[in-house]
Amino acid sequence: QVQLVESGGGLVQPGGSLRLSCAASGSIFSINAMGWYRQGPGKQRELVAGITSGGTTNYASSVKGRFTISRDNAKNTVYLQMNSLKPEDTAVYYCNADINSSGFSRRIYWGQGTQVTVSS
């Protein structure tokens, strides 16, 4: 079984920073792309940032220049550094990962979500 566990959410003032982490564990053979999504109040879930196994990144236009996605393949962990946070960044943030398990199956896994609130 594979699990994704997120951490690092919380309450921050506008202009502040937070760093989210998401660690994958379990019967993992390899991890392909990893990413972060978010779902704000009354909104649909949207892609925030993604990163391939080779390190190629992509970002939503609303976060480009403020957020940075990275990964540590040795730790099966993906990070999201969020700077210059705005109230509109308030959302539940979810990580996901495209994982090849030790049982030779491949599927997308999701974390449980972590709340980020940007407010003064």
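Since we're looking at a predicted model, the values are computed, not measured.

(A) Quick peek at the overall build of the protein chain. Looking only at helices and strands, the protein chain features zero helices and 11 strands. The linear arrangement of helices and strands in the protein chain, starting from the amino end, is β-β-β-β-β-β-β-β-β-β-β. Its C-alpha radius of gyration of 14 Å places the protein chain within 12% of the 14 Å reference for a compact globule of 120 residues. Reported as C-alpha extents along the three principal axes, the dimensions of the protein chain are approximately 45 × 25 × 25 Å. Looking at the protein chain as a whole, 43% of its 120 residues qualify as buried. For the protein chain, the accessible area works out to roughly 6300 Å², and carbon and sulfur atoms hold 47% of it.

(B) Local environment of the environment of Glu 46. Structurally, the position occupied by Glu 46 is in strand E5 (residues 46–51). Residues Glu 46 and Ala 60, 14 residues apart in the sequence, show an inter-C-alpha distance of 8.6 Å. Apart from residues lying up to four places away in sequence, Glu 46 is in contact with Trp 36, Tyr 37 and Arg 38.

(C) Here's a closer look at the nonpolar core. In terms of nonpolar packing, the biggest core is built from 30 residues, with Trp 36, Leu 80, Met 82, Tyr 93 and Ile 99 touching the most fellow members. Broken down by secondary-structure element, the contributors of at least two residues to this core are strand E1 (2–7), strand E3 (18–26), strand E4 (28–39), E5, strand E7 (67–72), strand E8 (77–82), strand E9 (91–101) and strand E11 (114–118). Ranked by residue count, the leading element in this core is E9, at five residues. Not counting residues within four places of it along the chain, the set of residues in contact with Tyr 93 comprises Glu 6, Leu 20, Trp 36, Tyr 37, Arg 38, Val 48, Phe 67, Leu 80, Met 82, Gly 113, Thr 114 and Val 116.

Calculation rules
Residues numbered from 1 in each chain as written. Predicted model: local features only at pLDDT ≥ 70, side-chain atom pairs only at ≥ 80, totals over all residues. Heavy atoms only, no water. Helix = DSSP H or I, 4+ residues; strand = E, 2+ residues; numbered from the N terminus. Rg over C-alpha atoms; globule rule 2.2 N^0.38 Å. Buried < 20%, exposed > 50% of the residue type's maximum accessible area, 1.4 Å probe, protein only. Areas by Shrake-Rupley, 256 points an atom, 1.4 Å probe, with all protein chains shown as cover. Contact = heavy atoms within 4.5 Å. Core = buried A, V, L, I, M, F, W, Y, C linked by side-chain atoms within 4.5 Å.

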